[in-house]
Amino acid sequence: VKAAVQNIARLTVDHVYGEVEEIPASIEGGAINSIVCNVGDVIFSEGDLTYNGVSMGALSIEEDQDGNVRLGLTRTNEFGVSAMKYLSVTGASFEQNADGEYLLEAEHLKAYFDAHHFDEETGLPVDYASGGIWAELRTTSRMEVAVETRVTEDGDEYSVLTFGRTLSTEQDAEPIDSEIRIGLGPNGVPAQLAQLGFRTGVYLTGQMKEDLLVFATGPEGAAFELGATYTTGSRDAITSLRQEPFEVVFTAPDRYQILDVTTNTVVTERHYDPLIGIQYRGLTLSLNAEPLEGDRFRVDGNQDGIGNNETALRLAALQNERIVGGGGGYTLSEAYGNLVGDIGNTAFQASISQKALEVVKDQAVQARDKVSGVSLDQEAADLIRYQQAYQASAKVMQTANTLFDAILGIR
């Protein structure tokens, strides 16, 4: 089980690399089930597990001089000298089941990993003040091990172990300190990782094209579990067959094999019944004569063969398929009708808006003319009136001249 610190330069809105974002290394196990044990039982032998490449000590359940059940950590040096120390467990004590057996919980496993941390200040493992073989427990510094309580959808609580590392860059520590690694030693078995909440099986994701064969080796009576999950979906059988051509090879007049052309592997071997024909993945092949040993028939996508009217039929079927607007949408005719209707409504609304705006324009012109406009009729009337006044004044002057001449003519 492995995790590393990642430093990723995110792209900014201008599509250039911005500040480097640190993603801490983290490991999260699954549910921790109780480990049932008795006093003196060894849970993990020395070297069964490795923590960042360093062998972990042996974990056992012991009884101290006061008769209290405690966790024991044992280490053996290169000279074969062994020493054991008791681990302090915070916030947890041993419980017993109905049979009097003790239950090892997530908090106890956390103490086991905490004991293998290196204290930079004292130069010794955490919680210990003596040197010697205990100094060999050094694995890494600045690690974080925690027990977290989770809740299932049904409301049941369970515990998980989480491991974390928050180094900024590899320059802050040695490369071995830049990641988290939990592995198996020479004598470790996958079941021990499972006790820590990690999956230890082989998991295949994605779609399996054909049958899956599983071969297991081990002692007589050994067993394993095999399970699968799936989701329902749709599959285009024709497209799938075209992408995966196969051959039918007769090994005898009444026996045939189906050979995958791409991988050149035998998919299946069957008995041939002329009344049933050859059936494979929804395809039925019928022969008009008895086959002979060595006969081969290839079924592929017809990429270089004679065409048919399949494409024309699919084009004709488009008129009834609701392909516009996603599933449950409209056919092409319905979508075209809706588009024409929308354009007509938009044009009609635009016409009404144009007429309304013309009325507004006329009202604005009239309002302007009342303030600063000139009336041609009024100006013409004024001109006639001024003309008549001028003519009247001219007549008065003419009369005055006549009278003046008459006065001058009196002798």
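Residues numbered from 1 in each chain as written. Predicted model: local features only at pLDDT ≥ 70, side-chain atom pairs only at ≥ 80, totals over all residues. Heavy atoms only, no water.

A.B. asks: Honestly, the environment of Phe94 in this entry has me stumped. Any pointers?
C.D. replies: Among the structural elements, Phe94 can be located in the loop between strand S11 (82-87) and strand S12 (95-96). Sequence separation between Phe94 and His108 is 14 residues; the distance between their C-alpha atoms is 8.9 Å. If near-sequence neighbours (up to four positions away) are discounted, Phe94 is found in contact with Ile61, Val69, Arg70, Leu71, Tyr102, Leu103, Leu104 and His108. (Helix = DSSP H or I, 4+ residues; strand = E, 2+ residues; numbered from the N terminus. Contact = heavy atoms within 4.5 Å.)

A.B. asks: Could you clarify how one ought to interpret a negative patch on the surface in this entry?
C.D. replies: Among the surface-exposed residues, Glu153, Asp154, Asp156 and Glu157 lie close enough to one another that they form a single negatively charged patch. Relative to the helices and strands, Asp156 is located in the loop between strand S14 (143-151) and strand S15 (157-165). Since its relative accessible area comes to 48%, Asp156 is described here as partly exposed. (Patch = residues over 30% accessible without salt bridge, like charges linked within 9 Å, V, L, I, M, F, W, Y side chains within 5 Å. Areas by Shrake-Rupley, 256 points an atom, 1.4 Å probe, with all protein chains shown as cover. Salt bridge = Lys/Arg side-chain N within 4 Å of Asp/Glu carboxyl O. Lys, Arg positive; Asp, Glu negative; His and termini not counted. Charge placed at Lys NZ, Arg CZ, Asp CG, Glu CD. Buried < 20%, exposed > 50% of the residue type's maximum accessible area, 1.4 Å probe, protein only.)

A.B. asks: Just to check I follow, could you spell out unusual backbone geometry for this structure?
C.D. replies: Glycine aside, the phi torsion of most residues is negative, and most peptide linkages are trans. You will see that Asn264, though not glycine, has its phi angle at about 55 degrees, which is positive. Its location among the elements puts Asn264 in the loop between strand S18 (255-260) and strand S19 (265-271). Despite not being glycine, Arg281 has its phi angle at roughly 55 degrees, a positive value. Among the secondary structure elements, Arg281 is positioned in the loop between strand S20 (278-280) and strand S21 (283-285).

A.B. asks: Any chance you could explain the side chain of Asp260 here in plain terms?
C.D. replies: Of note, Asp260 is situated in strand S18. Look at Asp260: it is buried, it has no salt bridge, and the nearest opposite charge is Arg281 at 6.3 Å. With sequence-adjacent residues up to four places away left out, Asp260 is seen in contact with Pro245, Thr265 and Val267.

A.B. asks: Help me out: how do you make sense of the sheet that holds strand S5 (residues 35-37) in this one?
C.D. replies: As a general point, the strands of a sheet are linked pairwise by backbone hydrogen bonds and lie either parallel or antiparallel. The strand order S5-S13-S12 describes an open sheet built from 3 strands, whose pairing is antiparallel. Lying at the two open borders of the sheet, with one neighbouring strand each, are S5 and S12. (Pairing = 2+ DSSP bridges.)

A.B. asks: Looking at this model, I keep getting lost on the packing of aromatic side chains. Mind explaining?
C.D. replies: Pairs of aromatic rings are described using the distance from one ring centre to the other and the angle between the two planes. A full pass over the atoms with the stated rule returns 12 aromatic pairs. Between Phe250 and Tyr256, the aromatic rings sit 5.8 Å apart at their centres with planes inclined by 50 degrees, giving tilted as the arrangement. Relative accessible area serves as the criterion here: at 2%, Tyr256 is assigned to the buried category. What links up through ring pairs into an aromatic cluster is the set Phe44, Tyr51, Tyr112, Phe113, Phe163 and Phe198. (Phe/Tyr/Trp six-rings, centres within 6.5 Å; stacked < 30°, edge-to-face > 60°.)

A.B. asks: When you look at the side chain of Thr162 in this model, what are you seeing that I'm missing?
C.D. replies: Here Thr162 lies in strand S15. Residue Thr162 is classed as buried on the basis of its relative accessible area, which comes to 11%. Residues contacting Thr162, with those up to four places away along its chain left out, are Ile27, Glu28, Glu144, Val145, Ala146, Glu148 and Arg150.

A.B. asks: Would you mind showing me how to read the nonpolar core here?
C.D. replies: Soluble globular proteins tend to pack their nonpolar side chains together in the buried interior. Leu59, Leu109, Phe163 and Leu196 are the most contacted members of the largest nonpolar core, which has 35 residues in total. Not counting the four nearest positions on each side in its chain, Leu109 is found in contact with Ile32, Ile35, Phe44, Leu59, Leu104, Leu161, Gln195 and Leu196. Counting residues in hydrophobic clusters, the runner-up holds 10 residues, among them Leu241, Phe246, Tyr272 and Ile278. (Core = buried A, V, L, I, M, F, W, Y, C linked by side-chain atoms within 4.5 Å.)

A.B. asks: Looking at this model, I keep getting lost on the pattern of salt bridges. Mind explaining?
C.D. replies: Two side chains with opposite charge may pair up if their charged atoms get near one another. Taken as a whole and assessed by the stated rule, the structure comprises 13 salt bridges. Note that Asp114 and Lys110 form a salt bridge whose closest N and O atoms lie 2.7 Å from each other. You can see Asp114 and its partner Lys110 sitting in helix H1 (residues 106-114), 4 residues apart, about one turn around the helix. Judged by relative accessible area, which is 25%, Lys110 ranks as partly exposed. Between Arg181 and Glu179 there is a salt bridge, with the nearest N and O atoms lying 2.9 Å from each other. Its relative accessible area of 25% is what places Arg181 among the partly exposed residues. Judged by its relative accessible area of 16%, Glu179 is buried.

A.B. asks: Honestly, the sheet that holds S15 in this entry has me stumped. Any pointers?
C.D. replies: The antiparallel open sheet is built from 3 strands, whose spatial order is S4-S15-S14. The sheet terminates laterally at strand S4 (25-28) and S14, the two strands that pair on one side only. Neighbour-to-neighbour, the strand axes of the sheet open up by a mean angle of 25 degrees, direction not taken into account. In terms of strand pairing, S4 meets S15 through 4 bridges, oriented antiparallel. (Axes fitted to C-alpha atoms, helices over the stretch in contact; angles between N-to-C directions.)

A.B. asks: Would you take a moment to explain the pairing of strand S16 (residues 179-184) for this structure?
C.D. replies: Regular strands show a simple pattern: their side chains alternate between the two faces of the sheet. The pairing of strand S1 (residues 2-4) with S16 spans 3 bridges and is antiparallel. Across the sheet, the residue bridging to Ala3 is Ile180, located in S16. As paired strands, strand S7 (residues 49-51) and S16 are joined by 3 bridges and run antiparallel to one another. Bridged to Leu49 within S16 is Leu184.

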